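Coordinate inspection notes
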Amino acid sequence: MNTDRKQRIRKNLINYTIFLLIMGLTFYTVLHGQDWNQIWEALKGLSLPCLLLILGAALFFVCAEGSMIWYLLRMINPDSSGLGRCISYSFIGFFYSGITPSSTGGQPVQLYYMKKDGNALSDSSVVLMTVALLYKFVLVIIGCAMLVFWYDPLRSYLRKYFGLYILGLVLHVVLVAVLLAVMLAPEAMKRLIFQIEHFLTRIRILKPSAGRAEKIRQFIGGYQDAVRFLAKQKYRMLLVLGITFLQRCSLFLLTGLVYLGFSQQGTSLLTVMLLQASVSVAVDMLPLPGAQGITELMYCRVFSHVFSQACLMPSLYVTRGSSFYFVLVVSLLVVLLNEAVRRRGETVKDRQCLRAAGHRYPL
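Described in the following lines is the structure provided in the data block. Bear in mind that the values here come from a model prediction, so they are computed numbers and not experimental data.

In this section: the overall build of the protein. Of regular secondary structure, the protein possesses 14 helices and zero strands. Counting helices and strands in the order they occur from the N terminus, the protein gives α-α-α-α-α-α-α-α-α-α-α-α-α-α. By the burial criterion, 45% of the 363 residues in the protein qualify as buried. Taking the intrachain contacts of the protein between residues at least 6 apart in sequence as the baseline, contacts between residues at least 24 apart amount to 75%. Carbon together with sulfur atoms contributes 66% to the accessible area of the protein, which is approximately 19400 Å² in total.

The structure is reproduced here in structure tokens:
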């Protein structure tokens, strides 16, 4: 086993361990001391059509991202990966984002698979950065709109979590500004990449290589071309922005469907969706795998006067179970399937090479 593979396995084990520890602590916190008979009775009362719509909304959230990756890639290069493959990139990204702090693990793994499938690294980088930028930009717009037009109800519902909401909104604004700067100032990014490469070479993590510098220049050149191309596609980018808005709203609607599924009354569907949006604004940027723990705690506080006491915890289990843990399991299956297909392909290729060299090796 080579060194890179060992390091990747070690890093994955650390991420899995942290994820499982936080998940265990979260489950203990939200499940400890609950009346399971009451919870089970409430869960049995959940409307089956609503449950199916809830699971569909959760899957739509990931599939919509895959569709945007496909659409943007095809805009740059018509010979890039197909729709189904791009949707698989989205599930892979969701899984690795879910198990790493601040969702930092998703895009590097997506880039790895996209490069393996023959997509240009520069094109893939621009597409994923554009998707991330629009994803955060939509949440910033929603967050700022709520702060301006829905301030009093927002503060009333959030109470002690209002400060966390402001912090989350500020972090999103900063990230959007950074992503915009990186996309619109490629020369500055080129200098930064070369400085990092020079620093890593000086401390002997990387070996000096003229070929690496040339690859970086080629990457930056392709990156600049892709950014310039997308900048000219204003109407198509507006379409992608609209899809991103629908994607974001699908998770907010999911909580609204949970509210309807439990036959709750007294709060409008729009209010439920806005409250779920406020939770997303507050916790999305926190350095916790899947924002576990704080999401559940904030949900219970924010929705304590929306759901009845008997349905509050069951609604949490359905909302988080469908929007995060259910999708995480589906994403894990996609990851395992991709690995199996990749290893099968490598095995077949090795056998073909052996046969071409004159070895007897059955295919």
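Among the structural elements, Val 170 can be located in helix H8 (residues 162–184). Taking the C-alpha atoms as reference points, Val 170 and Val 140, 30 residues apart in sequence, are found 8.7 Å from one another.

What follows covers helix H12 (residues 269–283). Taking 1.5 Å per residue as the helical rise, H12 with its 15 residues ought to reach 21 Å, and the 22 Å between its terminal C-alpha atoms agrees with that figure. Burial analysis of H12 places 13 of its 15 residues in the buried class, the great majority of the element.

Even without glycine at this site, Arg 159 takes up a positive phi of about 50°. At Ser 263, a residue that is not glycine, the phi angle is positive and equals roughly 55°. Within the secondary structure layout, Ser 263 lies in the loop between helix H11 (234–261) and H12.

A word on the environment of Asp 79. Among the structural elements, Asp 79 can be located in the loop between helix H3 (48–76) and helix H4 (83–98). A residue is classified by how much of its surface remains accessible, and Asp 79, at 70% relative accessible area, is exposed. In this structure, the C-alpha to C-alpha distance between Asp 79 and Gly 118, residues 39 residues apart in sequence, is 9.5 Å.

Soluble globular proteins tend to pack their nonpolar side chains together in the buried interior. With 90 residues, the main nonpolar core has Ile 69, Leu 72, Met 146, Tyr 165, Met 298, Phe 303 and Phe 307 as its most contacted residues. If one sorts the elements of this core by residue count, helix H6 (residues 121–149) sits on top with 13 residues. In this view, Phe 303 contacts Thr 255, Val 272, Leu 275, Gln 276, Val 279 and Leu 312; residues no more than four positions away in its chain are not counted.

So, how was this worked out
- Residues numbered from 1 in each chain as written.
- Predicted model: local features only at pLDDT ≥ 70, side-chain atom pairs only at ≥ 80, totals over all residues.
- Heavy atoms only, no water.
- Helix = DSSP H or I, 4+ residues; strand = E, 2+ residues; numbered from the N terminus.
- Buried < 20%, exposed > 50% of the residue type's maximum accessible area, 1.4 Å probe, protein only.
- Contact = heavy atoms within 4.5 Å.
- Areas by Shrake-Rupley, 256 points an atom, 1.4 Å probe, with all protein chains shown as cover.
- Expected span 1.5 Å × (residues − 1).
- Core = buried A, V, L, I, M, F, W, Y, C linked by side-chain atoms within 4.5 Å.

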